[in-house]
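# Notes for the structure review
Below are the chains, spelled out letter by letter.
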Amino acid sequence: VIDLTPEQQRLLLEPNLAHLATLNKDGSIQSTPLWVDFADGYVLVNTAEGRQKPKNVRRDPRVTLSLVDRRDGQRYLEIRGRVVELIHEGAYEHLTKMAHKYAGPSARNPAPNTQQRVIFKIEPLHTTGTVD
Amino acid sequence: VVTLTPDQRKLITDKNLAHFVTLMKDGSPQVTPVWVDCDETHILINTAAGRQKPLNLSRDPRVALSIADTDDIYRYIQVRGRVAEVTTEGAFEHISKLARKYRGEDYVYPARPGEQRVIIRIEPLHVSGRL
C-alpha cells in the first residue's frame, strides 16, 4: 500500500475523468470512464449495482485507474490498486457530490433515486505516469 | 468482430485520448492514456517497441479501450478487443500523423535514435457507451 503524493491527490480531486479497468470472468478487460474521488488515502469511484463493474471486483478486486490532467495532456497518472470495500451507505449522496464536482454546482444527480449506488474503496498499490 | 458506427469513428478520429488497457503477466490490468486512430475496421494505437504494452500483447492479445469526449463528459465509448496485428510498417508516418492531430498541424514528431515505432491494430469485439 502506498501514499499518493499531494500532486497525485490533486489530480484526483480536480474534475479529471478517470478510466477504470476491471477484470471480466474470462480474464478479459472492461474499461469505463467515470468520476473519481479521493479521501483518507483511498481512491473512490461510484457505480450502480447490477452493472458489470461490481460483479467483476467482487470476483477479482484488482483494478487499475488512469487519469489525464484535463489542462495538460502530458500529465497522467496510472494507479494500480485493490478494491478493499464496497460501500452502499451514502453512495447516492456521494454521486450528487461527484455531479457537482464534474458538471457544476447546480448539476443534478444523474441517477434515479431508486438506483442502488455503490462506492468502490480502492487501496492504491502502485503508481506510474508523469505526476509525482 | 463488430463494425464501428460513424459516431464511434468520429469520437476516435476527433482529438480525444484513449485509455488503453493490456494485461500484465499476472493478469492484472495496465492502463495508459494514448493517442488513437481508426480505419474502416480497426482501431489503431501507436507505441514504441520494448515498452510494457507490446510486451503484454505478445503474451495476451486481449485489450480494452475507453474514450471520452473532451467536450462532453457524458459522451463516451468502451471497447473490448483483440490485437489483430502489430507492425512496424508505416509506424513512424503514423505517429507523425497522430502528432499533428493532437499537437497541431505544425508539430513535427521528433525522430528518436533507437526508437522503433509500432502500430497496434485492434479488432473491436464489443463496443458500448453513450453517444
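Residues numbered from 1 in each chain as written. Chains lettered and ligands numbered in written order. Predicted model: local features only at pLDDT ≥ 70, side-chain atom pairs only at ≥ 80, totals over all residues. Heavy atoms only, no water.

### Structural notes on the overall build of chain A
Applicable threshold: Per the convention used, a helix needs a DSSP run of H or I reaching at least four residues, while a strand needs a run of E reaching at least two, with both numbered from the N terminus. Atoms considered for the radius of gyration are the C-alpha atoms alone. The globule rule reads 2.2 Å times the number of residues to the power 0.38. Buried means the residue's accessible area, taken with a 1.4 Å probe over protein chains only, is under 20% of the maximum for its type, while exposed means over 50%, and partly exposed covers the values in between. Here the open area of atoms and residues is found with the Shrake-Rupley method and a 1.4 Å probe, where only the protein chains shown may cover a residue. Just so you know, the count uses Lys and Arg for positive and Asp and Glu for negative, and it drops His and the chain ends. Charge positions are represented by NZ for Lys, CZ for Arg, CG for Asp and CD for Glu.
Of the regular secondary structure elements, chain A holds three helices and seven strands. Here the C-alpha atoms of chain A give a radius of gyration of 14 Å, agreeing with the 14 Å that 2.2 N^0.38 yields for 132 residues. Expressed as lengths along the three principal axes of its C-alpha atoms, the size of chain A is roughly 40 × 40 × 25 Å. Of all 132 residues assigned to chain A, the portion counted as buried reaches 52%. When the accessible surface of chain A is summed, it comes to about 6100 Å², and 49% of that surface belongs to carbon and sulfur atoms. Looking at charge distribution, chain A has the averaged site of its 18 positive side-chain charges lying 6 Å from that of its 16 negative ones.

### A look at the pairing of strand 4 (residues 42-48) of chain A
All names here are of chain A. Keep this limit in mind: By the convention used here, strands pair only if DSSP detects at least 2 bridges between them.
Where burial is concerned, most of strand 4 is hidden: six out of the seven residues are buried. Sheet analysis places strand 3 (residues 36-39) next to strand 4, joined by four bridges and oriented antiparallel. The partner of A39 across the bridge, within strand 4, is Y42.

### Examining the side chain of B:T22
Inclusion rule: Under the rule applied, a polar contact is a pair of N or O atoms within 3.5 Å (in protein, one hydrogen donor and one hydrogen acceptor; residues adjacent in sequence only if both atoms are side-chain atoms). Contacts were defined at the residue level, with two residues in contact if any of their heavy atoms lie within 4.5 Å.
Residue placement: B:T22 occurs in strand 1 (residues 18-23). For B:T22, a relative accessible area of 0% gives the class buried. At a separation of 2.9 Å, a polar atom in the side chain of B:T22 contacts the side chain of B:N56. Residues in contact with B:T22, not counting those within four places in the same chain, are A:I29, B:S28, B:P29, B:Q30, B:K53, B:N56, B:L57, B:R62 and B:V63.

### So, unusual backbone geometry
In the Ramachandran plot, A:D40 falls in the positive-phi region, its phi being about 50° despite a non-glycine side chain. Along the chain, the position of A:D40 falls in the loop between strand 3 and strand 4.

### Notes on helix 3 (residues 91-103) of chain A
Selection criterion: Every helix has an expected span of 1.5 Å times one less than the residues it contains. Our arc is simply the arc of the directions from the helix axis toward the C-beta atoms.
Look at helix 3 of chain A: 18 Å from first C-alpha to last across 13 residues, which is about the 18 Å you get at 1.5 Å a residue. Taken as a whole, helix 3 of chain A has its buried residues at A:A91, A:H94, A:L95, A:M98, A:A99 and A:Y102. Along helix 3 of chain A, the residues classed as buried sweep out an arc of 150° about the axis, all on the same side. As for helix 3 of chain A, its buried residues are in contact with strand 3, strand 4, strand 6 (72-87) and strand 7 (117-129) of chain A together with strand 6 (72-87) of chain B.

### A short note on the sheet that holds strand 4 (residues 43-48) of chain B
Each strand in a sheet pairs with another by means of backbone hydrogen bonds, the pair being arranged parallel or else antiparallel. All names here are of chain B. Spelled out, the test is: Whenever a helix is involved, its axis is fitted only over the stretch in contact; in every case the axis is a line through C-alpha atoms, and angles between N-to-C directions fall within 0 to 180 degrees.
One open sheet accounts for seven strands, arranged 2-1-5-6-7-4-3; its pairing is antiparallel. The strands lining the two open edges of the sheet, one partner per strand, are strand 2 (29-34) and strand 3 (36-38). The sheet shows a mean angle of 35° between the axes of neighbouring strands, taken without regard to direction. Strands in contact with helix 2 (residues 52-59) are strand 1, strand 2, strand 4, strand 5 (62-69), strand 6 and strand 7 (117-130); relative to strand 1, the strand with the most contacts, it is inclined by about 50°.

### Overview of the pattern of salt bridges
The cut-off we apply is this: In what follows, salt bridge is the name for a side-chain nitrogen of Lys or Arg lying within 4 Å of a carboxyl oxygen of Asp or Glu.
Across all of its chains, the model carries 25 salt bridges over all chains by this definition. Across the pair A:E78 and A:R80 runs a salt bridge, and its minimum N-O distance is 3.4 Å. On the basis of relative accessible area, A:E78 is assigned to the buried category, the value being 2%. Judged by relative accessible area, A:R80 falls into the buried class, the value being 17%. Across the pair B:R117 and B:E115 runs a salt bridge, and its minimum N-O distance is 3.3 Å. Connected through salt bridges with shared partners, the residues A:E7, A:R10, A:E14, A:D69, A:R70, A:R71 and A:R75 form a single ionic network.

### Section: the interface of chain A and chain B
Our working definition: Once two parts are put together, the accessible area they lose, assessed with a 1.4 Å probe and summed over both, is termed the buried area. Side-chain classes follow a simple rule in which Ala, Val, Leu, Ile, Met, Phe, Trp, Tyr, Cys and Pro form the nonpolar group, Asp, Glu, Lys and Arg form the charged group, and the remainder, Gly included, forms the polar group.
Of the residues lining the interface, 26 residues belong to chain A; the matching set on chain B comes to 27 residues. Approximately 2200 Å² of surface area, both sides summed, lies buried where chain A meets chain B, with 62% of it carried by carbon and sulfur atoms. Of all residues in chain A, A:H19, A:I29 and A:S31 give up the largest surface area on contact with chain B, accounting jointly for 26% of the area buried on that side. If you look at where chain A meets chain B, you find one salt bridge. Close ionic contact of B:D26 with A:R62 constitutes a salt bridge, the shortest N to O distance being 3.9 Å. Between chain A and chain B we count nine residue pairs in polar contact (both at pLDDT 80 or more) in total. Residue assignment for the side of chain A that touches chain B shows that the elements contributing at least two residues are strand 1 (18-23), strand 2 (29-34), strand 5 (62-69), strand 6 and helix 3 of chain A. Residue composition of the side of chain A that touches chain B, grouped by class: twelve nonpolar, ten polar and four charged.

As far as function goes, none of this settles anything; it's purely spatial.
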